[in-house]
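Read off the chains here:
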Amino acid sequence: MRLKLIAIIAVAFLAGGALAFALRSEGTTPASVGTAAIGGAFSLTSHLGQRVSEKDFAGRYLLVFFGFTNCPDVCPAGLQVMSAALDKLGAKADGVVPIFVTVDPARDTPDVMKAYVSAFHPKLIGLTGTEAEIQAVTNTYRVYAKRVEDSGSPGGYTMDHSGFIYLMDKAGLYLTHFSHSASPDEIANRIAALD
Ligand code: NI
């Protein structure tokens, strides 16, 4: 992912957050607008080939990251940070589900995801699906992802995508997000402070 693009995405993301806050501040919209802005229901296929939805993770915190297995830099960095944060949490990590959702379902089949996630953390769950299912979940999480032709990449294309790590509460509602370049301590400390 190119730095200029990251900056654009960051600005767009912050603008969206400001808008949600503004709507909430006016008092004319339901309080749920703010929390409903990021995340929600999904129906996808895990790296073990099982159909899963947000209901399967109810009662646990979620760390959700979007990317693709051919990503050269942002995704490995984000997944390493997530994995290190989980290891720092010790027993408290039992209440946290780390999830990697592909934005490239054409190449990232369940088998590809299985090999990839196992390289990062034994608890990491890889999720893929049909193009429509992935489009739906990226919309829900307000994730930017776009195919870019690139003759130097496998299959002749790469994916530009936003690189936030989302922390969702036990009911699946958005709590906060981190940069893919956040420190493991920052994430672990935030989760350790929760109930
Ligand atoms: Ni990536």
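Up top is the structure these notes are about.
Remember, it's a predicted structure, so these values are computed and weren't measured experimentally. (Residues numbered from 1 in each chain as written. Predicted model: local features only at pLDDT ≥ 70, side-chain atom pairs only at ≥ 80, totals over all residues. Heavy atoms only, no water.)

Tell me what's going on with the pattern of salt bridges, and back it up with residues and numbers.
According to the stated counting rule, one finds five salt bridges in the structure shown. K55 serves as the salt-bridge partner of E54, at 3.5 Å between the closest nitrogen and oxygen. Looking at E54, the relative accessible area reads 22%, which means it is partly exposed. A residue is classified by how much of its surface remains accessible, and K55, at 65% relative accessible area, is exposed. The salt bridge partner of R147 is E149, with a shortest N-O separation of 2.9 Å. (Salt bridge = Lys/Arg side-chain N within 4 Å of Asp/Glu carboxyl O. Buried < 20%, exposed > 50% of the residue type's maximum accessible area, 1.4 Å probe, protein only.)

Describe helix 5 (residues 131–140), with residues and values.
Taken together, the buried positions of helix 5 are I134, V137 and T138. Each buried residue of helix 5 sits inside an arc of 100° when the element is viewed along its axis, so together they form one side. Where helix 5 terminates, the next one or two residues include R142, which has phi positive at roughly 55°. (Helix = DSSP H or I, 4+ residues; strand = E, 2+ residues; numbered from the N terminus. Arc of directions from axis to C-beta.)

Can you explain the sheet that holds strand 9 (residues 174–179)? Please cite residues and give values.
Strand order in the open sheet formed by seven strands is 2-1-5-4-3-8-9, and the pairing between neighbours is mixed. For this open sheet the edge positions go to strand 2 (51–53) and strand 9, each flanked by a neighbour on one side alone. Direction aside, neighbouring strands of the sheet carry axes that sit 35° apart on average. Bridge count for strand 3 (residues 61–67) against strand 8 (residues 164–168) is four bridges, and the pairing is antiparallel. By the bridge assignment for strand 8, V64 is matched with Y166. Contacts from helix 4 (residues 110–117) reach strand 1 (43–46), strand 4 (96–102) and strand 5 (125–128) within the one sheet, and its direction differs from that of strand 5 by about 155°. Its contacts with the sheet place helix 6 (residues 184–192) against strand 3, strand 4, strand 8 and strand 9, and it is angled at close to 165° to strand 9. (Pairing = 2+ DSSP bridges. Axes fitted to C-alpha atoms, helices over the stretch in contact; angles between N-to-C directions. Contact = heavy atoms within 4.5 Å.)

Summarise the pairing of strand 9; cite the residues concerned and give the values.
Where strand 8 and strand 9 come together, five bridges link them in antiparallel fashion. Bridging from a neighbouring strand, M168 pairs with Y174 of strand 9.

Which residues make up the side chain of H47, and what values do they have?
Take H47: it is sitting in the loop between strand 1 and strand 2. For H47, a relative accessible area of 12% gives the class buried. Beyond its immediate stretch of four places on either side in the chain, H47 contacts P110, M113, K114, V117, L124, I125 and G126.

Quick one: what's the story with the coordination of the nickel ion, residue by residue and with numbers?
The coordination sphere of the nickel ion, as far as protein atoms go, consists of C71 (SG), C75 (SG) and H161 (NE2), spread over 2.0 to 2.2 Å. Read in sequence order, the donor residues for the nickel ion give the motif C-x3-C-x85-H. Separated by 86 residues along the polypeptide, C75 in helix 3 (residues 74–89) and H161 in strand 7 (residues 157–161) bring together distant segments of the chain. Grouping residues by exposure puts C75 and H161 together as buried. (Donors = N, O, S within 2.8 Å, 3.2 Å for Na, K, Ca; no water.)

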